[in-house]
Amino acid sequence: MPRPLPSPTFAALASELTRLHDAREAAIERTLDALESSHPPLAQLVLCCIGDRHRAARWLVMPQRAFAGRTACDMLADGDVEAVWDQVVYKQFGTVAAV
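All of the points below concern the structure found in this document. The shown structure was predicted, so the numbers you read here are calculated from the model rather than taken from an experiment.

## What about the overall build of the protein?
Point 1. Of the regular secondary structure elements, the protein holds 6 helices and 0 strands.
Point 2. Secondary structure elements of the protein occur, N-terminal to C-terminal, as α-α-α-α-α-α.
Point 3. Scaling as 2.2 N^0.38, a compact globule of 99 residues should have a C-alpha radius of gyration of about 13 Å, whereas the protein reaches 18 Å, well beyond that.
Point 4. Reported as C-alpha extents along the three principal axes, the dimensions of the protein are approximately 65 × 25 × 20 Å.
Point 5. Here the contacts in the protein between residues at least 6 apart in sequence split such that 47% fall between residues at least 24 apart.
Point 6. Accessible surface computed for the protein: about 7,000 Å², of which carbon and sulfur atoms make up 61%.
Point 7. If the 10 positive side-chain charges of the protein are averaged to one point and the 12 negative ones to another, these points end up 7 Å apart.

Structure, rendered in structure tokens:
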């Protein structure tokens, strides 16, 4: 019979949470890099509409109502670049441009 693992310490948990947070932040920043290499015009529009790199990268990983709670990154992973384009254009120019 296997022995139960000892309970982790708060120090170990805090350290692990910090490591996971840092890894998540690095992954978020890489989403914009990936967009710039795979779809440069879309990346440029996202940067233009959102403002700065940090906010643009965060927008890419935030669940969006327009994507039924999915993220732009999810949509791009599924190959639905057009939906992301549409949402960015809508965000920038409103309903008139989206029609």
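## Considerations on helix H5 (residues 81-93)
Point 1. Helix length check: H5 (13 residues) gives 18 Å between terminal C-alpha atoms against 18 Å at 1.5 Å per residue, within 8%.
Point 2. Listing the buried residues of H5 in full gives Val81, Ala83, Val84, Gln87 and Val88. Projection of H5 onto a plane perpendicular to its axis shows the buried side chains occupying an angular sector of 165°, all on one side. Those residues of H5 that are exposed and angled more than 90 degrees off the buried face are Glu82 and Phe93.
Point 3. Looking at the buried side of H5, the elements it contacts are helix H2 (40-50), helix H3 (53-61) and helix H4 (72-77).

## Observations regarding the side chain of Thr71
Point 1. Residue placement: Thr71 occurs in the loop between H3 and H4.
Point 2. Apart from the residues within four sequence positions on either side, Thr71 is in contact with Leu60, Val61, Met62 and Pro63.

## Some thoughts on H2
Each α-helix turn comprises 3.6 residues. Residues three or four places apart therefore point the same way.
Point 1. Of all the positions in H2, only Leu42, Ala43, Leu45, Val46, Leu47, Cys49 and Ile50 are classed as buried.
Point 2. Buried residues belonging to H2 abut helix H1 (10-38), H3, H4 and H5.
Point 3. Gly51 lies just past H2 and shows a positive phi near 125°.

## Some words on the packing of H2 against H3
Point 1. H3 packs onto H2 with a crossing angle of 110° between their chain directions and a minimal axis gap of 9 Å. Comparing the axis directions of H2 and H3 gives the class roughly perpendicular. Relative to H3, the crossing made by H2 is right-handed. Contact with H2, carried on its side by Val46, Leu47 and Ile50, involves Arg53, Arg55, Ala56 and Trp59 of H3 and no other residues of that element.
Point 2. In terms of residue class, the contact of H2 with H3 is made up of 5 nonpolar, no polar and 2 charged.

## Looking at the pattern of salt bridges
Point 1. This model, assessed by the stated rule, comprises 4 salt bridges.
Point 2. The structure contains a network of salt bridges with shared partners spanning Asp33, Glu36 and Arg53.

About the criteria used
- Residues numbered from 1 in each chain as written.
- Predicted model: local features only at pLDDT ≥ 70, side-chain atom pairs only at ≥ 80, totals over all residues.
- Heavy atoms only, no water.
- Helix = DSSP H or I, 4+ residues; strand = E, 2+ residues; numbered from the N terminus.
- Rg over C-alpha atoms; globule rule 2.2 N^0.38 Å.
- Contact = heavy atoms within 4.5 Å.
- Areas by Shrake-Rupley, 256 points an atom, 1.4 Å probe, with all protein chains shown as cover.
- Lys, Arg positive; Asp, Glu negative; His and termini not counted.
- Charge placed at Lys NZ, Arg CZ, Asp CG, Glu CD.
- Expected span 1.5 Å × (residues − 1).
- Buried < 20%, exposed > 50% of the residue type's maximum accessible area, 1.4 Å probe, protein only.
- Arc of directions from axis to C-beta.
- Axes fitted to C-alpha atoms, helices over the stretch in contact; angles between N-to-C directions.
- Parallel < 35°, antiparallel > 145°, perpendicular 65-115°, else oblique.
- Left-handed = near helix turned anticlockwise from the far one by under 90°.
- Nonpolar A, V, L, I, M, F, W, Y, C, P; charged D, E, K, R; others polar.
- Salt bridge = Lys/Arg side-chain N within 4 Å of Asp/Glu carboxyl O.

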